[in-house]
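Structural overview
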Amino acid sequence: AAGVIQSPRHLIKEKRETATLKCYPIPRHDTVYWYQQGPGQDPQFLISFYEKMQSDKGSIPDRFSAQQFSDYHSELNMSSLELGDSALYFCASSLVLREGTQYFGPGTRLLVL
Amino acid sequence: GNSVTQMEGPVTLSEEAFLTINCTYTATGYPSLFWYVQYPGEGLQLLLKATKADDKGSNKGFEATYRKETTSFHLEKGSVQVSDSAVYFCALSDIRGAQKLVFGQGTRLTINP
């Protein structure tokens, strides 16, 4: 079965640079979620989109923005990167009207130097 | 707000031992409950779920029962294998899984041969 696809899988950036992470949800899923997992930490919710509209917002810094496109893929844009942004970024997708279970992608590991 | 508290790790067991990882939650309303597993270097995989009180989720020999009276969702397995070594996260979401997941801090499990 098709799974959530994330790209890139690994990313190395310098401080103050920008990064764009991409997420391709499971086909026909209508909701995308972004989570950040620091080293040894539990995943923290950042933001979600339902039918291309922002549906919820968590602890996402103002330096980050995200959107969901007409083909349902989503991008997380991160600017003015800081050392503390180094983490594993997960995207998950769900079909809300069915039962809403979230299925996670493999994650993008971001290292900020 | 909603929160999840998990048994502190790490947990180390011998192969074929009985496993219990405790999870309790605080939530308004009637959340859905989940266990996710994260193998080294990989993303989060849904292990099992329960959407209402007294439901039992099960998968790969793991079980957990949604106990509303004790606000718990403990994970159990009768005979663990080396391949079960991973980090286990308990999580909840509101309104039938349609909203963000709130995770516990994770429990690292190591199974020795």
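Below is a short write-up of the structure. (Residues numbered from 1 in each chain as written. Chains lettered and ligands numbered in written order. Predicted model: local features only at pLDDT ≥ 70, side-chain atom pairs only at ≥ 80, totals over all residues. Heavy atoms only, no water.)

Focus: the pairing of strand β8 (residues 74-78) of chain A
All names here are of chain A. Quick reminder of the rule: Classification of residues uses two cut-offs on accessible area relative to the type maximum, computed with a 1.4 Å probe and protein chains only: under 20% is buried, over 50% is exposed, and between them is partly exposed. Starting at the N terminus, helices and strands are each numbered in turn, a helix being any DSSP run of H or I of at least four residues and a strand any DSSP run of E of at least two. Strands are labelled as partners when DSSP assigns at least two bridges between them.
Where burial is concerned, most of β8 is hidden: four out of the five residues are buried. The pairing of strand β7 (residues 64-68) with β8 spans five bridges and is antiparallel. Looking at the pairing, Ser65 lines up with Asn77 of β8. Remark: five residues form the turn of the hairpin made by β7 and β8, two consecutive strands paired antiparallel; Tyr72 in that turn has positive phi of roughly 75°.

Describing unusual backbone geometry
Cis rather than trans, the peptide bond between Ser7 of chain A and Pro8 of chain A has omega equal to -10°. Position of Pro8 of chain A among the secondary structure elements: in the loop between β1 (5-7) and β2 (10-13). A cis amide bond, omega -10°, links Gly9 of chain B with the succeeding residue Pro10 of chain B. With a phi angle near 75°, Arg16 of chain A is a residue other than glycine that sits in the positive phi range. Mapped onto the elements, Arg16 of chain A comes out in the loop between β2 and β3 (19-24). Taking the relative accessible area as the measure of exposure, Arg16 of chain A reaches 66% and is therefore exposed. We note that Asp54 of chain B has phi near 75°; this positive angle belongs to a residue other than glycine. By the element assignment, Asp54 of chain B lies in the loop between β6 (44-50) and β7 (56-59).

Examining the interface of chain A and chain B
Bring the parts together and some accessible area is lost; that lost area is often taken as the interface size. Stated formally: Contacts were defined at the residue level, with two residues in contact if any of their heavy atoms lie within 4.5 Å. What counts as buried area is the accessible surface, traced by a 1.4 Å probe, that two parts surrender upon association, with contributions from both included. Any carboxyl oxygen of Asp or Glu within 4 Å of a side-chain nitrogen of Lys or Arg constitutes a salt bridge here. For this classification, the nonpolar set comprises Ala, Val, Leu, Ile, Met, Phe, Trp, Tyr, Cys and Pro, the charged set comprises Asp, Glu, Lys and Arg, and every other residue, Gly included, is treated as polar.
Taken together, the contact pairs 20 residues of chain A with 18 residues of chain B. In total, about 1500 Å² of surface goes out of reach between chain A and chain B, with carbon and sulfur atoms giving 52% of it. Here chain A and chain B share zero salt bridges between them. Those elements that place two or more of their residues in the side of chain A that touches chain B are β4 (31-37), β9 (87-94) and β10 (103-104) of chain A. No other element matches β4 of chain A, which puts three residues into the side of chain A that touches chain B. Of the residues assigned to the side of chain A that touches chain B, the class counts are ten nonpolar, six polar and four charged.

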